[in-house]
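Analysis of the macromolecular model
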Amino acid sequence: MQTAEYWIEKLQLQKHPEGGWFREIYRDDGIIFRDGLPSRYMGSRVYSTAIYYLLQSGECSVFHRLQSDEQWFHLEGSRLAVHTLSSSGKYQKLLLGKNLTSGEQPFAVVHRGIWFGASVEADHSFTLAACVVAPGFDFEDFESARRDELIKTFPQHKEIIEKLTQ
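Read on for an overview of the structure. Every residue gets a number counted from 1 within its own chain, in the order that chain's sequence is written. Local features in this predicted model are restricted to residues whose pLDDT is 70 or higher, and side-chain atom pairs enter the listing and the counts only when it is 80 or higher, whereas totals over whole chains, interfaces and linings include all residues. The side-chain quantities take in all heavy atoms of the structure and omit both hydrogens and water.

**Brief notes about unusual backbone geometry**
Trans is the common state for peptide bonds, and a negative phi is the common state for residues other than glycine. Counted only if it meets this: We count a stretch as a helix when DSSP gives it H or I for four or more residues in a row; a strand needs E for two or more, and each element gets its number in order from the N terminus. Type-normalised accessible area, obtained with a 1.4 Å probe on protein chains alone, sets the label of each residue: buried when under 20%, exposed when over 50%, and partly exposed for intermediate values.
Omega for the bond connecting alanine 134 with proline 135 falls within 30 degrees of zero, at -15 degrees, which places this linkage in the cis form. By secondary structure assignment, the location of proline 135 is in the loop between strand S12 (126-134) and strand S13 (143-144). With a phi angle near 55 degrees, glutamine 12 is a residue other than glycine that sits in the positive phi range. Position of glutamine 12 relative to the elements: it lies in the loop between helix H1 (4-10) and strand S1 (14-15). Judged by its relative accessible area of 56%, glutamine 12 is exposed. Look at histidine 124: it is not a glycine, yet its phi comes out positive at around 50 degrees. Residue placement: histidine 124 occurs in the loop between strand S11 (115-120) and S12.

**Digging into the packing of aromatic side chains**
Under the convention used in this document: Two aromatic rings from Phe, Tyr or Trp, using only the six-membered ring of Trp, form a pair when their centres are within 6.5 Å; if the ring planes differ by under 30 degrees the pair is stacked, by over 60 it is edge-to-face, and anything between is tilted.
Applying the stated criterion across every chain yields a total of six aromatic pairs. On the numbers, 5.0 Å between centres and 50 degrees between planes, the contact of phenylalanine 73 with phenylalanine 107 is tilted. Here phenylalanine 73 is found in strand S7 (residues 69-77), whereas its partner phenylalanine 107 is found in strand S10 (residues 107-110), with 34 residues between them in sequence. Looking at phenylalanine 107, the relative accessible area reads 37%, which means it is partly exposed. Grouped by ring-pair contacts, the aromatic residues Tyr53, Trp72 and Phe116 constitute a single cluster.

Keep in mind that these numbers describe shape and distance, not what the molecule does.
Okay, here's the thing in C-alpha cells:
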C-alpha cells in the first residue's frame, strides 16, 4: 500500500478548507440554471462535480453541510468514519471502506442539509476517497458548523461535536 504522501504528490492534492487534502477532478460543463433549481440554491449550478479527498490519522473533516447530496467512494487506505447529525438530532456513523464483514461499505451518501464530518479510525493511516456532488459543488452551498451552536442544538452529541469542530 502506498503512503498518504505518495497520493498527495501523485494526485497533486492541496489542503482543503474543511481539513484534509483534495483536488477537483471533474466539473461538468452542463449548467442547471437558477430557475430550474430548488429555492435553496442562490444561483445556477453545473450538473455535477467530483474530487479526490484524502484524510490522514489525526486530521478531521470538520462538521459542515451542503445543499446537495454528496456521494463517497472508498479508493485506498483504511476505513473512514463519516459522522452525521440530522436536523432531528440522530447521530450516525457511516463506515467507508472495503471490509464488508466488519460493517464497512465502499459507497456512502450524505444527504443534503445533514451535518457531517469525517475521521480516519486507524492510527498512522489515511483514507483516499472520491466524492461526487450533484448539482455540482459551489462554496455558496457550503456551511461550516459553529461549535457552540451545534452543541446548543445537539447537547447529547457534545463529544463528537468537540472532536469535529474548531
